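Residues per chain are reported as follows:
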Amino acid sequence: MSDDVTIVLLLPEVLGTYGDAGNASVLAARLRWRGIPARVHTVGWTDAVPADGDVYVLGGGEDAAQVLAADRLRDSIGLHSALARGAPTLAVCAGLQVLGTAFTIADGTRIAGLGALDVETRPGGGPRRIGDVVADPLVDGLDGPLEGFENHGGITELGPDAAPLARLRDPARGPAAGGNGTGDRLEGAVSAGGIIATYLHGPVLARNPALADLLLARAVGELPPLTLPDGVPPTTAQRLLGGRRSRHELRTGARRRAGA
Amino acid sequence: MISGGPTRLPPRARAAVAVARLVGGAARRAGRHGSVIGGRVATMLDRRVLARLAAGRTVVLVTGTNGKTTTTSMIARVLGGAGRRVATNHLGANMPDGITTALLDALSNHEGAPVAVMEVDESYLDVVAAATDPAVVVLLNFSRDQLDRVGEVRTVARRVGEVVAAHPRARVVAFADDVLCAGAGLRAADPVWVSSPSLWTGDAGVCPRCDGAVTHAGVRWACSSCGLARPDGDWTLVEQDTAGTVHGPGGSATALDLQLPGHANRLNAAFALAVGIELGVDPAVAAARLRDLEQVGGRYRTVTRPGGTTRLLLAKNPAGWAQVLDLLDEGPPRPVVVAVNSREADGRDVSWLWDVPFERLARHPLVAAGDRAGDLSVRLAYAGIGHRLADDPVAATRDTLGAVDLVGNYTAFHDATRALT
């Protein structure tokens, strides 16, 4: 592998629904915009998973695809080795369930996950949880709220070795609606190692630049300021840079472009 | 072959039709819901009215994710031309009420129309097929579209396969290169396969028969588990630049020479030829009828405005965008205004923008517009594509000199179509 920071995108053929492959593009772009060479290494169905990637990304998928992904990744030496050393990993929706200890599909079959994240998922039975949500983070390193689009049916219980990522703000759709489906509005899960898992699509990193930067900082250390390319409208630049800290970065970037 | 004609309606249905016409006519004069209200009223008065209206007609049903409206319009033309002897729902109202309304209209305008060509929303194919006993069912393609509203595409395709299996008398014409579409088509005993290299394989990773992994090599695909593989095409579209020829059984070859642009329309035309020939139309006659088609419900329409022209294009999901990007590659790089909404009819979730390779628009001056212009702009920024934002897509086209393309998803496209009428 080259000196580029490598974002490993796992099995987008089967874990690529809902545009989640975009999370890998976002991570690579945010490194490049900081002058750090980066590339997306896509692991296709017949490719081996590299053990020395810098960030790992898993997306959502439909039921049958998720079972295939679990079968394919369960014995991957490369992925297990990366997860064991705590490599920063983003797992969305089906990706979250695959990294868990087990998940039960609609016909009642219980499928073993990779066991890297202490969560187990069972069918919700009720209507799918579908819609835009806002959630307050419960982990260090994130200040502002997270947002995204959830679209899933399972109920995910966290074990003692996992902590929730965030808590949904909007209880309007009923106490059992939203997030992990456990009735307490908890959203997603994080491991003591490097896994950040969520049900949020959007893709989640496109809508939450601070979450992208948290993963990147874990991979490469403190992040230099970010300089956006030309041709980005100012309101969009604001969104790409995120909150307060980022407005400072925007000025820094502008000065840098001006040769200051 | 086309035979017979509509059967005489029983008294209850005749009463339902009479009332529905009154209400439908009033709604149309008021400019509201004209394409569905007649059918809704008639169905309230006689639950079996769709079946009664369809009885005795040769019914062709067209379903799939993309290209339904255009292909339906093409097939109607090939089978005799809309307004002559073919009933069709060319307003795009493709749920049961809309289809019933279209058959009511046919009753008023030309009672004898022996043929009905109807596009059907994938989710309603079971209801409509049960009522209309179709002679032909056309399966165009299945890909992700409005996951928040329609649901997962594999489920949609599986249900379509069940409808195919439940109607053994229907001739199924299906797309061989689309894995999910082929899976549904194979539920028929003797399907007719249309073939052409597919541009979108995003939902083609899992076998529709056994849930095994599907591998792709060039245009071929096969399941590594159960051996399900791409069927050989009976009708194959062969393209050279922007010219298309459809090769059929026995070495026949029919040149298309369409006015409608792009690969997607040449493929739609291959379906229309296959269906027409299946129902006894001469290939040369069918091709000549397709040549006259310039626009379909405003799609591909070019509007002249001060300082230039605006071409209207519809793209509402990643597979549709793959086709539009292909079309935009034909010819010099024109400015493009992209308008994205997320209203009820569009689906609320715009994650799909990340499955569209907007990187391919790098050579085009670009404007992001629509209700979700901000999300589109973020997507374009990450694609490294310079662009500007605009509130109103139609106004943005007016700011541009020369020929410009306006690409909208469902409601954005229809808003623009209305504004440019």
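Just so it is clear, the model here is predicted, and its values are computed rather than measured.

Here is what the cut-offs are and how they apply
Residues numbered from 1 in each chain as written. Chains lettered and ligands numbered in written order. Predicted model: local features only at pLDDT ≥ 70, side-chain atom pairs only at ≥ 80, totals over all residues. Heavy atoms only, no water. Helix = DSSP H or I, 4+ residues; strand = E, 2+ residues; numbered from the N terminus. Buried < 20%, exposed > 50% of the residue type's maximum accessible area, 1.4 Å probe, protein only. Contact = heavy atoms within 4.5 Å. Areas by Shrake-Rupley, 256 points an atom, 1.4 Å probe, with all protein chains shown as cover. Buried area = accessible area lost by both parts, 1.4 Å probe. Salt bridge = Lys/Arg side-chain N within 4 Å of Asp/Glu carboxyl O. Pairing = 2+ DSSP bridges. Axes fitted to C-alpha atoms, helices over the stretch in contact; angles between N-to-C directions. Expected span 1.5 Å × (residues − 1). Arc of directions from axis to C-beta. Parallel < 35°, antiparallel > 145°, perpendicular 65-115°, else oblique. Left-handed = near helix turned anticlockwise from the far one by under 90°. Nonpolar A, V, L, I, M, F, W, Y, C, P; charged D, E, K, R; others polar. Domains from an automatic or database assignment. Polar contact = N/O pair within 3.5 Å; in protein donor to acceptor, adjacent residues only side chain to side chain.

## Description of the overall build of chain A
Here's step 1: For chain A, the count of helices and strands is eight helices and 15 strands.
Here's step 2: In chain A, which comprises 260 residues, the share counted as buried stands at 56%.
Here's step 3: For chain A, contacts bridging at least 24 residues in sequence account for 70% of all contacts bridging at least 6.
Here's step 4: Here chain A displays about 10,100 Å² of accessible surface, and carbon together with sulfur accounts for 52% of that area.

## Focus: the environment of Pro 234 of chain A
Residue and element names in this part refer to chain A.
Here's step 1: Within the fold, Pro 234 resides in helix 7 (residues 234-241).
Here's step 2: Judged by relative accessible area, Pro 234 falls into the exposed class, the value being 67%.
Here's step 3: Along the backbone, Pro 234 and Gln 97 are 137 residues apart, and their C-alpha atoms lie at a distance of 38 Å.

## Regarding the interface of chain A and chain B
Here's step 1: Of the residues lining the interface, 35 residues belong to chain A; the matching set on chain B comes to 29 residues.
Here's step 2: Buried area between chain A and chain B, summed over both chains or domains, comes out near 2,600 Å², and the portion from carbon and sulfur atoms is 60%.
Here's step 3: On the chain A side of the contact with chain B, Tyr 18, Glu 62 and Arg 239 of chain A bury the most area, a combined 21% of that side's loss.
Here's step 4: At the boundary of chain A and chain B, one finds two salt bridges.

## Notes on the sheet that holds strand 14 (residues 189-191) of chain A
Residue and element names in this part refer to chain A.
Here's step 1: Taken in spatial order, the seven strands make up an open sheet running 2-1-3-4-15-14-11, and their pairing is mixed. Each of the sheet's edge strands pairs with one partner strand only, and the pair in question is strand 2 (38-43) and strand 11 (162-163).
Here's step 2: Two strands pair when backbone bridges link them, and strand 3 (residues 55-58) and strand 4 (residues 89-92) are joined in this way by three bridges, in the parallel orientation. Across the sheet, the residue bridging to Tyr 56 is Thr 89, located in strand 4.
Here's step 3: Lying over the sheet, helix 1 (residues 22-32) contacts strand 1 (5-10), strand 2, strand 3 and strand 4, oriented at roughly 160° with respect to strand 2.

## What to know about the sheet that holds strand 5 (residues 102-104) of chain A
Residue and element names in this part refer to chain A.
Here's step 1: Read from one edge to the other, the open sheet built from four strands follows the order 6-5-7-10, with strand pairing classed as mixed. Edge strands, defined here as strands with exactly one partner in the open sheet, are strand 6 (110-112) and strand 10 (155-158). Direction aside, the axes of adjacent strands within the sheet are offset by 20° on average.
Here's step 2: Alignment of strand 7 (residues 119-122) against strand 10, held across four bridges, turns out to be antiparallel. Directly across from Arg 122, in strand 10, lies its bridge partner Ile 155.

## Points about helix 1 (residues 11-29) of chain B
Residue and element names in this part refer to chain B.
Here's step 1: Relative to the 27 Å expected for 19 residues at 1.5 Å per residue, helix 1 spans 27 Å between its end C-alpha atoms, a close match to the ideal helical length.
Here's step 2: Taken residue by residue, helix 1 has Ala 13, Ala 16, Val 17, Ala 20, Gly 24 and Ala 27 as its buried positions. Along the long axis of helix 1, the arc covered by the buried residues comes to 100°, so they all point the same way. Helix 1 presents Pro 11, Leu 22 and Arg 29 as exposed residues on the side facing more than 90 degrees away from its buried surface.

## Some thoughts on the packing of helix 4 (residues 68-78) of chain B against helix 9 (residues 263-278) of chain B
Residues and elements named next belong to chain B.
Here's step 1: For the pair helix 4 and helix 9, interaxial distance at closest approach is 9 Å and the crossing angle is 40°. Accordingly, the angle class assigned to the pair helix 4 and helix 9 is oblique. The way helix 4 lies across helix 9 gives a crossing that is right-handed. Across the interface between the two elements, Thr 70, Thr 71, Met 74, Ile 75 and Val 78 from helix 4 touch Asn 265, Asn 268, Ala 269, Phe 271, Ala 272, Val 275 and Gly 276 from helix 9.
Here's step 2: Classifying every residue of the contact of helix 4 with helix 9 by side-chain character gives seven nonpolar, five polar and no charged.

## So, helix 3 (residues 77-84) of chain A
Residue and element names in this part refer to chain A.
Here's step 1: Residues Gly 78, Leu 79, Ala 82 and Leu 83 constitute the buried set of helix 3. Down the axis of helix 3, the sector holding all buried residues measures 125°, keeping them to one side. Seen from the buried face of helix 3, the exposed residues on the opposite side, beyond 90 degrees, are Ile 77 and Ala 84.
Here's step 2: Buried-residue contacts for helix 3 involve strand 1, strand 3, helix 2 (63-73), strand 4, helix 4 (94-99) and strand 15 (195-198).
Here's step 3: The first or second residue beyond helix 3 is Gly 86, which carries a positive phi of 80°.

## Details of the domain arrangement of chain B
Residue and element names in this part refer to chain B.
Here's step 1: Each assigned domain of chain B is listed with its residue range as follows: domain 1 (11-291) and domain 2 (302-419).
Here's step 2: Put simply, the middle of domain 1 and the middle of domain 2, counted by C-alpha atoms, are 27 Å apart.
Here's step 3: Residue-level contacts link 16 residues of domain 1 with 18 residues of domain 2.
Here's step 4: Counting each side, the surface lost to burial between domain 1 and domain 2 is near 1,400 Å², with a carbon and sulfur contribution of 51%.
Here's step 5: Taken together, the links from domain 1 to domain 2 amount to one salt bridge.
Here's step 6: A salt bridge links Glu 330 to Arg 266; the shortest N-O distance between them is 3.1 Å.
Here's step 7: There are two residue pairs in polar contact (both at pLDDT 80 or more) connecting domain 1 and domain 2.

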